[in-house]
Amino acid sequence: MVTCDLLKVLPTFIILFALSAASAAPVNNQTLSHTNNATLLERGKYMVVTGHCNNCHTEGYGVNSGKIPEEKWLLGNSVGWRSKAGTSYAPNLRLYIQSMSLASWLVVARNSRARAPMPWWSLSDTSDEDLTAMYAYIGSLGPVGLPAPLFLPPDQTPRPPYNQLPDLSFAK
């Protein structure tokens, strides 16, 4: 007999329900990424830079001290982050955000619990106004590039190079 701890699966069901409801958002939410509002786009760019999104989501950004052309920003990263839970890769945000409405983006930003090293707690504390600006800016860059590699379970060794995260389980 299969049993299920309701408290463990309930948050997942709530997020899925919210995403389903958000996908029925008005069309104007889905066209925001193509805005010409310069102030909104500048705020979004500012949030991406000061939120350090490029550090992981732009290949080579850190090792080049941020000297990467803007047209190469947020295309994802083939260098993984390995921990005892497995290896995660920063996704191509330009492709990721194109498939969702603003309402869906806000739900994901507020409720996602992404794998390390993504600081999901910081994203969930970001204001709606700033998340909206980030959505518009990332969407304005256009859907280019390829998806990042898929998550690897802990029993699979990633192809080098990769970043090794320390085991922080003792800190809980």
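Residues numbered from 1 in each chain as written. Predicted model: local features only at pLDDT ≥ 70, side-chain atom pairs only at ≥ 80, totals over all residues. Heavy atoms only, no water.

**Some words on the environment of Asn 37**
So the rule is basically this: The helix and strand labels rest on DSSP assignments: H or I over at least four residues marks a helix, E over at least two residues marks a strand, and numbering proceeds from the N terminus. Only protein chains enter the calculation, and the probe is 1.4 Å; a residue is then buried if its accessible area is under 20% of its type maximum, exposed if over 50%, and partly exposed in between. For the purposes of these results, a polar contact is taken to be a pair of N or O atoms within 3.5 Å, where, inside protein, one atom must be able to donate a hydrogen and its partner to accept one; residues adjacent in sequence count only when each atom of the pair is a side-chain atom.
With respect to the helices and strands, the residue Asn 37 is situated in the loop between α2 (27-30) and α3 (38-50). Owing to a relative accessible area of 38%, Asn 37 belongs among the partly exposed residues under this scheme. Along the primary structure Asn 37 and Ala 133 are separated by 96 residues, whereas in three dimensions their C-alpha atoms are 9.8 Å apart. Polar contacts involving the side chain of Asn 37 include one to the main-chain amide nitrogen of Thr 39, which spans 3.1 Å. For Asn 37, the side chain forms a polar contact with the main-chain nitrogen of Leu 40, separated by 3.0 Å.

**Digging into the pattern of salt bridges**
Heads up, the condition is: By definition, a salt bridge exists where a carboxyl oxygen of Asp or Glu is found within 4 Å of a side-chain nitrogen of Lys or Arg.
With the rule as written, the count across this model stands at three salt bridges. A salt bridge links Lys 45 to Glu 70, with the nearest nitrogen and oxygen atoms 3.3 Å apart. Taken together, the positions of Lys 45 in helix α3 and Glu 70 in the loop between α4 (53-57) and β1 (80-83) put the pair 25 residues apart, joining distant regions of the chain. The partner of Arg 110 in a salt bridge is Asp 128, with the nearest N and O atoms 2.5 Å apart. Here Arg 110, found in helix α6 (residues 102-111), pairs with Asp 128, found in helix α8 (residues 128-140); they are 18 residues apart in sequence, far enough to count as distant.

**Side note on the packing of aromatic side chains**
Stated precisely, the cut-off is as follows: The rule is short: rings of Phe, Tyr and Trp, with Trp giving its six-membered ring, pair when the centres are within 6.5 Å, and they are stacked under 30 degrees, edge-to-face over 60, tilted in between. Both a distance and an angle decide whether a charge sits over a ring: NZ of Lys or CZ of Arg must be within 6 Å of the ring centre and within 35 degrees of the ring normal.
Considering all chains together, one arrives at two aromatic pairs under this definition. On the numbers, 6.3 Å between centres and 85° between planes, the contact of Tyr 61 with Trp 73 is edge-to-face. Placement of Tyr 61 in the loop between α4 and β1 and of Trp 73 in the loop between α4 and β1 is noted, with a sequence separation of 12 residues between them. Among the residues examined, Trp 73 registers a relative accessible area of 7% and is labelled buried. When the centroid spacing of 5.5 Å and the interplanar angle of 80° are considered together, the rings of Trp 120 and Trp 121 count as edge-to-face. The positively charged end of Arg 115 is found above the aromatic ring belonging to Phe 151, 3.5 Å away from the centroid.

**Quick notes on the confidence of the model for the protein**
Rules: Per residue, pLDDT captures the predictor's confidence, and it can take any value from 0 to 100. In this analysis, two residues are considered to be in contact whenever any of their non-hydrogen atoms come within 4.5 Å of each other.
Of the residues in the protein, 78% have a pLDDT of 70 or more, and the chain-wide mean is 84. Considering only residues more than four positions removed or in separate chains, one finds that residues 1-31, a stretch of pLDDT under 50, has 22 contacts.

**A short note on the sheet that holds strand β2 (residues 86-88)**
How we decide: Here the rule is simple: two strands pair whenever DSSP picks up at least two bridges between them. For helices, the fitted axis covers only the stretch in contact; all axes are lines through C-alpha atoms, and the angles between them, taken along N-to-C directions, range from 0 to 180 degrees.
Pairing is mixed across the open sheet formed by three strands, whose spatial order is β2-β1-β3. Looking at strand neighbours, the two that pair on one side only are β2 and β3 (162-164), the edges of this open sheet. Sheet twist, expressed as the mean angle between neighbouring strand axes with direction ignored, is 25°. Inspection of the sheet shows β1 paired to β2 by three bridges, in the antiparallel sense. Paired with Ser 83 across the strands is Gly 86, a residue of β2.

**A short note on the packing of α3 against α8**
Here is the rule we go by: Orientation categories follow fixed angle ranges, with anything under 35 degrees roughly parallel, anything over 145 roughly antiparallel, 65 to 115 roughly perpendicular, and all other angles oblique. Residues are grouped as follows: Ala, Val, Leu, Ile, Met, Phe, Trp, Tyr, Cys and Pro are nonpolar; Asp, Glu, Lys and Arg are charged; all remaining types, including Gly, are polar.
Two numbers describe how α3 lies on α8: the axes approach to 7 Å, and their chain directions differ by 95°. Here α8 runs roughly perpendicular to α3, going by the angle between their axes. Contacts between α3 and α8 involve Leu 40, Leu 41, Arg 43, Gly 44, Lys 45, Met 47 and Val 48 from the former and Asp 130, Thr 132, Ala 133, Met 134, Ala 136, Tyr 137, Ile 138 and Ser 140 from the latter. The residue inventory of the contact of α3 with α8, partitioned by class, reads nine nonpolar, three polar and three charged.

**Structural notes on α3**
Basically, it comes down to this: For a helix, the expected span equals 1.5 Å multiplied by the residue count minus one. Taking the helix axis as origin, the arc is that swept by the directions to the C-beta atoms.
In this model, α3 (13 residues) spans 18 Å end to end at C-alpha, consistent with the 18 Å of a helix rising 1.5 Å per residue. Every buried residue of α3 is listed here: Leu 40, Leu 41, Gly 44, Met 47 and Val 48. Seen end-on, α3 carries its buried residues on one side only, within an arc spanning 120°. Residues of α3 that are exposed and angled more than 90 degrees away from the buried face: Ala 38, Thr 39 and Glu 42. The inward-facing, buried residues of α3 abut α4 and α8.

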